[in-house]
Structures are given as C-alpha cells and as structure tokens.
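Results of the structural survey
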Amino acid sequence: MAAEESGGARREPPHTLQGLLEMAVVAGEARPEPREPISEERQRWLHAAVTEALGSTGTARAQLRRCLRALGWGEPEPGPEPEPRPEPGHTEHPEPDHKKPEPGPGHPEHPELDHKKPGPGLGHTEHPELDPELVEQALAELAELCESLDNAIDFCSLGGLGALLPLLADPRPNFRSGAARALGACAQNLPEAQARALALGALPALLGGLRGDPHPKAAPALLFAISCLVRAQPRGLQELEALGGLGALGELLGSPQPPLRARAAFLLHCLLREHPRLAEPLLSQGLVARAAALLRSRHDGAHEHGLGTLWALASGSPEGLRQCRDPALGLEPLLRERRRSLRGLEQFQEELEFCERLLQLCFETPPEESAMDR
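Not measured: the values here are computed from a predicted model. (Residues numbered from 1 in each chain as written. Predicted model: local features only at pLDDT ≥ 70, side-chain atom pairs only at ≥ 80, totals over all residues. Heavy atoms only, no water.)

Looking at the overall build of the protein
A tally of helices and strands in the protein yields 20 helices and zero strands. Long-range contacts, defined here as pairs at least 24 residues apart, represent 72% of the contacts in the protein between residues at least 6 apart. When the accessible surface of the protein is summed, it comes to about 19,900 Å², and 54% of that surface belongs to carbon and sulfur atoms. (Helix = DSSP H or I, 4+ residues; strand = E, 2+ residues; numbered from the N terminus. Contact = heavy atoms within 4.5 Å. Areas by Shrake-Rupley, 256 points an atom, 1.4 Å probe, with all protein chains shown as cover.)

Digging into helix H9 (residues 202–212)
Where burial is concerned, most of H9 is hidden: nine out of the eleven residues are buried. Buried within H9 are the following residues: Ala202, Leu203, Pro204, Ala205, Leu206, Leu207, Gly208, Gly209 and Leu210. (Buried < 20%, exposed > 50% of the residue type's maximum accessible area, 1.4 Å probe, protein only.)

Things to note about helix H13 (residues 258–274)
For H13, spanning 17 residues, the distance from its first C-alpha to its last is 24 Å, which sits close to the expected 24 Å at 1.5 Å a residue. Taken as a whole, H13 has its buried residues at Leu260, Arg261, Ala264, Ala265, Leu267, Leu268, His269, Cys270, Leu271 and Leu272. (Expected span 1.5 Å × (residues − 1).)

Quick notes on the nonpolar core
Leu71 and Leu240 are the most contacted members of the largest nonpolar core, which totals 95 residues. Apart from residues no more than four positions distant in its own chain, Leu71 is found in contact with Leu130, Val135, Ala138, Leu139, Leu142, Ala163, Leu164 and Leu167. (Core = buried A, V, L, I, M, F, W, Y, C linked by side-chain atoms within 4.5 Å.)

What to know about the pattern of salt bridges
The final tally for this structure, using the stated rule, is twelve salt bridges. In this structure, Arg61 engages Asp154 in a salt bridge whose closest nitrogen and oxygen atoms are separated by 3.0 Å. Of this pair, Arg61 sits in helix H3 (residues 60–70) while Asp154 is found in helix H5 (residues 149–157), placing the two residues 93 residues apart along the sequence. Asp170 serves as the salt-bridge partner of Arg172, at 2.8 Å between the closest nitrogen and oxygen. The pair formed by Arg172 and Asp170 is uniform in burial state, with each residue classed as buried. (Salt bridge = Lys/Arg side-chain N within 4 Å of Asp/Glu carboxyl O.)

A closer look at the packing of aromatic side chains
Using the criterion set out here, one finds zero aromatic pairs in the structure. The positively charged end of Arg357 is found above the aromatic ring belonging to Trp311, 5.7 Å away from the centroid. (Phe/Tyr/Trp six-rings, centres within 6.5 Å; stacked < 30°, edge-to-face > 60°. Lys NZ or Arg CZ within 6 Å of the ring centre and 35° of its normal.)

Let's talk about the side chain of Glu239
Checked against the element boundaries, Glu239 lands in helix H11 (residues 234–242). Buried and without a salt bridge, Glu239 has Arg235 as its closest oppositely charged side chain, separated by 4.7 Å. Excluding anything up to four places from it in sequence, Glu239 contacts Leu198, Leu203 and Pro204. (Lys, Arg positive; Asp, Glu negative; His and termini not counted.)

A short note on the packing of H13 against helix H16 (residues 302–316)
Close contact between H13 and H16 brings their axes to 8 Å; oriented N to C, the two are set at 30°. As summarised for this structure, H13 and H16 are arranged roughly parallel, according to the angle between their axes. Every pair of crossing elements has a handedness; the one defined by H13 and H16 is left-handed. Residues Arg261, Ala262, Ala265, Phe266, Leu268, His269 and Leu272 of H13 touch H16, and the partners they reach there are Ala302, His305, Gly306, Gly308, Thr309, Ala312 and Leu313. Broken down by class, the residue content of the contact of H13 with H16 amounts to eight nonpolar, five polar and one charged. (Axes fitted to C-alpha atoms, helices over the stretch in contact; angles between N-to-C directions. Parallel < 35°, antiparallel > 145°, perpendicular 65-115°, else oblique. Left-handed = near helix turned anticlockwise from the far one by under 90°. Nonpolar A, V, L, I, M, F, W, Y, C, P; charged D, E, K, R; others polar.)

Purely geometric numbers; function is a separate question.
Here it is as structure tokens:
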C-alpha cells in the first residue's frame, strides 16, 4: 500500500525528477537503521551531480571540472548556495592554450614528481585528504566522459592528465585502476593527449606499476592505458622498447589472470601486425615458447591472439618459422588438436583460421617451398 502522511492523507506521487529525488530522500530518512551523516564535501558533490542531471549547468566541461575537484585538482567545489569570492588570475572558462592549472600533486612543475625515473613509477603515495568514494566515482565518470573526443580534448586543456598521474601509484587498487582507465580513455585516438601523457612520464609509471602490481583489477587497467599510448604512436612505442616493455608484455602471457593474459596477447598481436620489425626483438626474448605455453592453458579469449602472434612471427621471419617448427616445442600436435576441437564452432572462426594457417605454413608445406615463398 502507498505510504500515508501523518495526518492520514495519501501522498501525491512525484511528477518531476526533483520530486522523485525529494521523495527518495524522505524515504531514506525514514529508514530505522542508523546511518552516518553525509559529509559536507559529499553533499556538495551530490548537489553538483543532481544539478547537472536536471540540466541547470549541463555542460560536459562542468562535469570534467567537478570530477577534477573531487581528485583534489583545481578550485574547490562550490556549495549549494555559494558565496562569491575573488580568485585573482582565474577565469571561469580558461583558454586551453593560454592558461595552465596551478601546480599541484602530479603537475610537472611539482617538486614531488620526477617523471624521468622508470621502475615502480611515481612511488606509492596515499592521498588521505581525498574522499575515496568520491574519487572512485569521479574516475569512473571521467573514463566515460573521455570516450568522447571533444571531452578528451577539454580534459587535457584543464590539466586533467596531471591529476591522474599521482593516482597511478596510490596504494588503493581502485584508485590505480580508475586513473589508468581514465588516462587510456583520454589518450586513445587523440595524438595530442598521447604526446602530453608521454611528456608527463606516464609510460614509465604505468609500466613500473604493471611489473609490480599483482592486483587483478589494477593490472589490466594499467595495460589498457599502455596500449593506448603505444599503438599508432611512434614515440610511445620507441619509449616502450627502451624501457624493456616488450619483454614485460611477453611475460604477461603466463599471468594467472585471464584478463591480463588476453590483453597482453591482443596488444602483442596488434603490434606485430602494425610493426613487423618487432618480430626480431620479440623472438630473441622467447615469445614463441611463451605463446605456445599460453595455448596449453585453459582455453579463453587470449588463445586467438596467441595464435595470431605465432602466425605473425612465423610468417614474418625465417627465424620465427624455424622456432615454430622446432619439434621440442610440440606445436604441431597442439595445433592439430585445437583445429579438431574448434571445427564447427562459429564463435571461434578466427582462431580456427590461425590454426589452419600455422599448420599449413609450418607443417604441411615442404621447407624448401616455404623458403622459396619467402
């Protein structure tokens, strides 16, 4: 039955979003369970979010600003009834190319950050003054907003990449993963953002975190961000090679985390297709044996890209072909069994095609003919 007011009159159902929110607040206050009071900062966040949802401010740039404030970057969030206060040198909508955010944690001018150092990255620095729930909400919202190219450009103009970098080394895995996803979303398909992130030292931080971060949620997000910085970005790929990142990707094929294996196999496959010259250094690092070992693990989405990686190595390099044919690797019976198990399964069609190509090239074509083809 519908709830009734204290005087016995039936409540009028809400007809607007504002009315629905008010009813939800009243209903929440009527719950008998004790609740902690909402902090003033969280009230400001809620007010800004609801205001944007109702269309009072409405701009994506305002959403980006609010998220950055939740990360401790930029001016504080105004309350429901803000009092005007002077902010010398600050304008509401700074020009992207002429205004810079004030130096803060993660900003390249900040003395606590040395972007030149590879390894663990930025060092584990916790930010106890930040509200963890608000930070996680803001990072998730930023990752979604920056899927839009226009929003990603705005985010960069607001100095947002500098706000994300310190969080890549935060001890809390949700912070690390959220920051990496937001960075990757901003950088993908936007060369300006890729160049800016690389200049800030994002790749050493991401790669260092990936090497030392066993958390199942953070590591795939870090690898996603790395992928967004090195694909179709020559400078990023060059830096990845210089930092030993190719070897790190090969090692991830043996990770116990299926999402991490799958993303590493996908990235290696893509890089070999886009840059065949990478076959030589990857072969010298034992990638054929690692990819074959991947195929012996429990079948999942990584296997298609593991087979694609082997195909790229075998078809693009005489040494890769030789290694795949090595009887000690045991690749031929593995491929024949995989082909048998995948036949008739439409969802594995591409994986089956890689199996057939590898079998034909490595084991069903006389060596002299394959050498002549090359």
